[in-house]
Amino acid sequence: MSATDAVTFWDGVYAARPAPDAPRPNVRLVETVTGLPPGDALDLGCGSGGDALWLARRGWRVTAVDISGVAAERLAGLARAHGLGDLVDALRHDLRATFPEGRFDLVCAHYLHTPFDLDRASVLRTAAHALRPGGRLLVVDHGSTAPWSWDQDPEARFPSPEEVASDLALDPATWRVERADAPRRTATGPGGRTAEVVDHVLLVRRTG
């Protein structure tokens, strides 16, 4: 499938969703970042922007990227409306072809799944190399399918955090896995529907 197909698909996904005035941050981001000193953050696949806005409110300078121009433009508007325009740079990037420039203290990738071809391991490896020493890469993947997910493939397989870490093939002398587990949580979907879901959480820190 072409890059145009991917952009059209994701623009359609976000255009079909009501634009939230106050999107919520992901639970795994909050529990990981709370207490850390603010710095430069990169949000890969920023979606509705809850993570980027939450980070910016805590003093982080955030580069937020998504393949969907609809998502990026909405986030830019929200950041301005909340007085955070100087701290959030919302950009459209197709990570199959381009990666944001810069060095970061935090890179987060929440649910960076797509029905289109994407070499995720390569993208996440690039993200790890974009960290400053002491910086963290937080990867949160689906470990189960919510009833409202766009992907209802009954054959779907969810790689474990350990498998994701192995695919990154990072030098343990420079990067250390600080967390690799599969916690459960109650998720809220469209119309207030709730369901128990599993997250696959990988946290990698650059030590040198």
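The structure under discussion appears in the preceding block.
### Here we look at the packing of aromatic side chains
All told, the structure shown has three aromatic pairs when counted by the stated rule. Pairing phenylalanine 9 with tryptophan 10 gives two aromatic rings, centres 5.0 Å apart and planes at 85 degrees, and the pair type is edge-to-face. Of the residues examined, tryptophan 10 reaches a relative accessible area of 10% and is grouped as buried. The ring centre of tyrosine 14 lies 5.0 Å from the NZ or CZ of arginine 17, which sits over that ring.

### Description of the environment of alanine 121
Along the chain, the position of alanine 121 falls in helix α5 (residues 120-129). Residues alanine 121 and alanine 169 lie 48 residues apart in sequence; the distance between their C-alpha atoms is 8.8 Å. Not counting residues up to four positions away in its chain, the partners in contact with alanine 121 are Asp167 and Leu168.

### Concerning the packing of α5 against helix α6 (residues 161-168)
The contact between α5 and α6 brings their axes to 9 Å, and the two run at 75 degrees. It follows that α5 is roughly perpendicular to α6 by the angle criterion. Across the interface between the two elements, Arg120, Ala121, Leu124 and Arg125 from α5 touch Val164, Asp167 and Leu168 from α6. The residue makeup of the contact of α5 with α6, split by class, is four nonpolar, no polar and three charged.

### Some thoughts on the pattern of salt bridges
Applying the stated rule across the entire model yields 14 salt bridges. Of the charged contacts, one joins arginine 28 and glutamate 31 as a salt bridge, the two residues approaching to 3.3 Å between their closest N and O atoms. A residue pair is termed a helical-turn pair when its members lie 3 or 4 positions apart in one helix, as arginine 28 and glutamate 31 do in helix α2 (residues 27-33) at three residues. By relative accessible area, arginine 28 is classed as buried at 6%.

### As for the state of the cysteines
For the structure on display, the rule yields zero disulfides. With no disulfide of its own, cysteine 46 has cysteine 108 as its nearest cysteine by sulfur position, at a separation of 9.6 Å.

### Remarks on empty space enclosed by the protein
It is a probe the size of a water molecule, rolled over the atoms, that shows where empty space is left. A full pass over the atoms with the stated rule returns one cavity of 30 Å³ or more. Along the walls of the largest cavity sit Tyr14, Arg17, Pro18, Ala19, Pro20, Gly47, Ser48, Ala71, Arg74, Leu75 and Leu78, which together make up its complete lining. With four residues, helix α4 (residues 69-81) is the largest single contributor of residues to the lining of the largest cavity. Residues that form the lining of the largest cavity fall into these classes: seven nonpolar, two polar and two charged.

Scoring rules and cut-offs
Residues numbered from 1 in each chain as written. Predicted model: local features only at pLDDT ≥ 70, side-chain atom pairs only at ≥ 80, totals over all residues. Heavy atoms only, no water. Phe/Tyr/Trp six-rings, centres within 6.5 Å; stacked < 30°, edge-to-face > 60°. Buried < 20%, exposed > 50% of the residue type's maximum accessible area, 1.4 Å probe, protein only. Lys NZ or Arg CZ within 6 Å of the ring centre and 35° of its normal. Helix = DSSP H or I, 4+ residues; strand = E, 2+ residues; numbered from the N terminus. Contact = heavy atoms within 4.5 Å. Axes fitted to C-alpha atoms, helices over the stretch in contact; angles between N-to-C directions. Parallel < 35°, antiparallel > 145°, perpendicular 65-115°, else oblique. Nonpolar A, V, L, I, M, F, W, Y, C, P; charged D, E, K, R; others polar. Salt bridge = Lys/Arg side-chain N within 4 Å of Asp/Glu carboxyl O. Disulfide = S-S within 2.5 Å. 1 Å grid on protein atoms, 1.4 Å probe; cavity = no way out; pocket = protein on both sides within 12 Å on 5 of 7 lines; lining within 4 Å. Points joined across faces, edges and corners; volume = space filled by probe spheres on them.

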